[in-house]
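Residue-level listing of the chains:
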Amino acid sequence: MDLLQKDGYRLRAPEPEDLDCMMQFENTPSLWEVSNATGPYSRFYLKQYIESNKNDLYADNQLRLMIESPEKKVVGIIDIFNFEPFHNRVEVGIVIADYSRRQGIGLLALELLTKHCFDYLGIHQLYAFIDVTNEACRRLFQKSGFEECALLKDWMRTGKTYRDVVMVQRLNR
């Protein structure tokens, strides 16, 4: 069975036809704070990203995967980035389209990604930083076996204020 597929959903590499979908996700201002983006991405930049990225964690230090529904519609993006080969750890990010939230898709995608990272890539540790007020995201990671391990004060800036985040991690045991 394909490691990156379950119940008709699959995680797959970005394709050129995903450009418009990626533009929507990457250029949503409310997501910039949590993704450390400082502004919108151009169509040209994202097109180049899709064309030039090998989608190989060891070559790119990241792996971005589109979350595709059984109807072949992209319903989200999940990625690993900030790869530290020496320490064998990598950060996780996930975004699910508004119309697909609260359906278990995020949990399924996170479980598929975790299995791929642990069983295929041999990663020792996955981690993420979550705004303390984002209860849905905290529950998602908790349900997927991540544990809250640190509270980081004033970690994210929003306008002129700062917010706390929790760091979550899951170890490959």
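Model, not experiment: these values are computed from the prediction.

1. Side note on the packing of helix 5 (residues 105–120) against helix 6 (residues 135–143)
In contact at an axis separation of 9 Å, helix 5 and helix 6 are set at 45° when each is read in the N-to-C sense. By the criterion of interaxial angle, the relationship of helix 5 to helix 6 is oblique. Both helix 5 and helix 6 take part in a crossing whose hand is right-handed. Counted together, Gly 106, Leu 107 and Leu 110 of helix 5 and Leu 140, Phe 141 and Lys 143 of helix 6 form the full contact between these two elements. In terms of residue class, the contact of helix 5 with helix 6 is made up of 4 nonpolar, 1 polar and 1 charged.

2. Structural notes on the pattern of salt bridges
This structure, assessed with the given rule, holds 12 salt bridges. Between Arg 10 and Glu 68 there is a salt bridge whose closest N-O contact spans 2.8 Å. Placement of the pair is Arg 10 in strand 2 (residues 9–12) and Glu 68 in strand 3 (residues 63–68), with a sequence separation of 58 residues. Owing to a relative accessible area of 5%, Glu 68 belongs among the buried residues under this scheme. Salt-bridge contacts for Arg 138 lead to Glu 135; the nearest nitrogen and oxygen are separated by 3.7 Å. You can see Arg 138 and its partner Glu 135 sitting in helix 6, 3 residues apart, about one turn around the helix. With a relative accessible area of 41%, Glu 135 lands in the partly exposed category. One network of salt bridges, with partners in common, ties together Arg 10, Arg 12, Asp 18 and Glu 68.

Quick notes on the rules
Residues numbered from 1 in each chain as written. Predicted model: local features only at pLDDT ≥ 70, side-chain atom pairs only at ≥ 80, totals over all residues. Heavy atoms only, no water. Axes fitted to C-alpha atoms, helices over the stretch in contact; angles between N-to-C directions. Helix = DSSP H or I, 4+ residues; strand = E, 2+ residues; numbered from the N terminus. Parallel < 35°, antiparallel > 145°, perpendicular 65-115°, else oblique. Left-handed = near helix turned anticlockwise from the far one by under 90°. Contact = heavy atoms within 4.5 Å. Nonpolar A, V, L, I, M, F, W, Y, C, P; charged D, E, K, R; others polar. Salt bridge = Lys/Arg side-chain N within 4 Å of Asp/Glu carboxyl O. Buried < 20%, exposed > 50% of the residue type's maximum accessible area, 1.4 Å probe, protein only.

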